[in-house]
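The residues making up each chain are set out below.
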Amino acid sequence: MKLIVVFAAIVAGAFSAENVPFSGNGLAAMLAKYGGLAPMRQGRIIGGDAVSINSFPWTLSLRRLGSHRCGAVIISANRALSAAHCTDGIDGNGFEVRAGSTQHGSGGQLISTSDVINHPQFNSETLINDICVIWLSSSLNLEPAGVSIVAMHTQGAGVAAGTTVTVAGWGATCEGCDDVASLRAVSKPVVSNAQCNAFYGGGIAAGMLCAGFPAGGRDACDGDQGGPLTMGNTLVGIVSWDRLECARPNRPGIYARVAHYRTWINSNM
C-alpha cells in the first residue's frame, strides 16, 4: 500500500480524516496543494534490482485484510517497526506480518499483530514522527536464513550526506506499471536535511532523513512506506513518503530517521 497525492479538484468530502488542510509551508503546503492523502496502494521501486529475502532478512510485508499494505522491519523476535501513517486509525490487532519470503503474498511465516504503538506526536498533515512499533502475537522463528533482526542506529548517530543507503520493498518497477510480487531493492545517496529542505521548500524535520540521486532515476516510488532503509546491515530509516512522480530530479525520498527515535523505540519494545 502507498500514499499518493491527488488533485485538489476532487470533490470535498471524498477523503477521510487523513486529509491535509490547505495551509502551511513546504511539505504540508505541497500535500495540501494536491488535496491531501489518498488511500495507499502498494509501493514501487524504480531502477532497482530483484533481490532475495536472504539479502534483506529483516524485511516484512505488513498486511491488512489479506493484502500487502506496507513494509515493516524486524527489530526483535516479536517487535517490528513501520510508518505510523500505515497503521493510524486501525486497531493494533488488525494486521498480519509475513516474514522470510521473497514474495509478499505467499510463503514464509505469517503472524498476526497484537498491538501497534504509533508515535504520540505523529502528525498526519506534516508526516513528522511517522514511525510506529508493532507488537506481534507470537515470536518469529529466527532460524531460517530469510528471517533476522536488524541492527538499529544508535540514538543521535548521524548519516553523512553522500553515504550510500539501500531501500527494499515490493512493487512495480516504473511509473504506471503493474505491481510485482517479488522483493526489490535500490541503493542511493543520503541528502542533507538542509539540501532536502531547499528541494521541498521546507517541512523537513530533524526526525526525517532524505536520500536520492540529484538526477533521479533510482528510488522508491510513493514509498513502500514502513519498509527499511539500511546502511550496510544497520537500519537508519523507515520509508515515510514520496511523490506521485517517481524518481524525479531533486525530489529525494523521505524517511523517519531511526537515530532520532531510538530512545522512544527502546521504551516501547
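Residues numbered from 1 in each chain as written. Predicted model: local features only at pLDDT ≥ 70, side-chain atom pairs only at ≥ 80, totals over all residues. Heavy atoms only, no water.

1. A few points about helix H3 (residues 193–200)
What counts is decided by this rule: Think of it in three bands: residues with accessible area under 20% of the maximum for their type are buried, residues over 50% are exposed, and the middle band is partly exposed, with areas taken using a 1.4 Å probe on protein chains only. Here a strand is any run of E in DSSP of at least two residues, a helix any run of H or I of at least four, and the numbering for each starts at the N terminus. By construction, the arc corresponds to the directions joining the helix axis to the C-beta atoms.
Every buried residue belonging to H3 is among Asn193, Cys196 and Tyr200, and all of these are buried. The buried residues of H3 occupy one face: seen down the axis, they fall within an arc of 60 degrees. Of the exposed residues in H3, the ones pointing more than 90 degrees away from its buried face are Ala194 and Ala198. Gly201 occupies a position one or two residues after H3 and carries a positive phi of about 75 degrees.

2. As for empty space enclosed by the protein
Worth spelling out the cut-off: In this analysis a 1.4 Å probe is tested at points of a 1 Å grid over the protein atoms alone, and where it fits but cannot get out there is a cavity; an open set with protein on both sides within 12 Å along at least five of seven lines is a pocket; lining residues have an atom within 4 Å of a point. Grid points are joined across faces, edges and corners, and a volume is the space filled by probe spheres set on the points. For this classification, the nonpolar set comprises Ala, Val, Leu, Ile, Met, Phe, Trp, Tyr, Cys and Pro, the charged set comprises Asp, Glu, Lys and Arg, and every other residue, Gly included, is treated as polar.
Taken as a whole, this structure holds one cavity of 30 Å³ or more when the rule is applied. If you trace the largest cavity, you find it lined by Leu127, Asn129, Asp130, Gly207, Met208, Ser240, Trp241, Ile254, Tyr255, Ala256 and Tyr261. Where the lining of the largest cavity is concerned, the elements lending two or more residues are strand S17 (234–241) and strand S18 (253–257). If one sorts the elements of the lining of the largest cavity by residue count, S18 sits on top with three residues. Here the lining of the largest cavity is built from residues that sort into seven nonpolar, three polar and one charged.

3. With respect to the packing of aromatic side chains
Applicable threshold: Each aromatic pair joins two rings of Phe, Tyr and Trp (for Trp, the six-membered one) with centres within 6.5 Å, and gets the label stacked for planes under 30 degrees apart, edge-to-face for over 60, and tilted for any other angle. A ring is considered to have a charge above it if a Lys NZ or an Arg CZ atom is located within 6 Å of its centre and within 35 degrees of its normal.
All chains considered together, the criterion is met by one aromatic pair. Ring centres 6.4 Å apart and planes at 85 degrees place the aromatic pair Phe56 and Trp58 in the edge-to-face group. Both residues of the pair, Phe56 and Trp58, belong to the buried class. Just above the ring of Tyr200 sits the side chain of Arg251; from NZ or CZ to the centre is 5.3 Å.

4. What about the side chain of Thr113?
Rule in force here: Here a polar contact is taken to be a pair of N or O atoms separated by no more than 3.5 Å, where protein atoms must pair a possible hydrogen donor with a possible acceptor and residues adjacent in sequence count only if both atoms sit in side chains.
Within the secondary structure layout, Thr113 lies in strand S9 (residues 109–118). By relative accessible area, Thr113 is classed as buried at 3%. Reaching out from Thr113, the side chain makes a polar contact with the backbone oxygen of Gly92 at a distance of 2.6 Å.

5. Here we look at the state of the cysteines
Just so we agree on the cut-off: Any cysteine sulfur atom paired with another within 2.5 Å is treated as part of a disulfide.
According to the stated counting rule, one finds two disulfides in the structure shown. The disulfide partner of Cys70 is Cys86, and the gap between their sulfur atoms is 2.1 Å. The S-S bond linking Cys70 to Cys86 shows a torsion near -90 degrees; that makes this disulfide left-handed. Taken as a pair, Cys70 in strand S6 (residues 67–76) and Cys86 in helix H2 (residues 84–87) lie far apart in primary sequence, 16 residues in all. Like Cys86, Cys70 is buried. The residue that forms a disulfide with Cys196 is Cys210, at a sulfur-sulfur distance of 2.1 Å. In this structure the cystine formed by Cys196 and Cys210 twists about its S-S bond by roughly -90 degrees; its chirality is therefore left-handed.

6. Focus: the confidence of the model for the protein
Where we set the bar: As a per-residue measure, pLDDT tells how confident the predictor is, with possible values from 0 to 100. Here a residue-residue contact requires only that any non-hydrogen atoms of the pair lie within 4.5 Å.
When pLDDT is averaged along the protein, the result is 82, and 73% of the positions lie at 70 or above. Contacts of residues 1–25 to residues separated by more than four positions or lying in other chains number 70 contacts, the stretch itself having pLDDT below 50. For the stretch residues 33–44, pLDDT sits under 50, and the model shows 68 contacts to residues farther than four places along the chain or on other chains.

7. Remarks on the sheet that holds strand S8 (residues 96–99)
Applicable threshold: At least two DSSP bridges between two strands are required for those strands to pair. Here an angle of 0 to 180 degrees is reported between the N-to-C directions of two axes, which are lines fitted to C-alpha atoms, with helices fitted over the stretch in contact.
Within the closed barrel, the six strands sit side by side as S5-S6-S7-S10-S9-S8. Their pairing is antiparallel. Between one strand and the next, the sheet's axes are offset by a mean angle of 45 degrees, whatever the strand orientation. Inspection of the sheet shows S6 paired to strand S7 (residues 79–82) by three bridges, in the antiparallel sense. Paired with Ser76 across the strands is Arg79, a residue of S7. Seen against the sheet, helix H4 (residues 258–267) touches S6, S7, S9 and strand S10 (132–136) and runs at an angle of roughly 30 degrees to S10.

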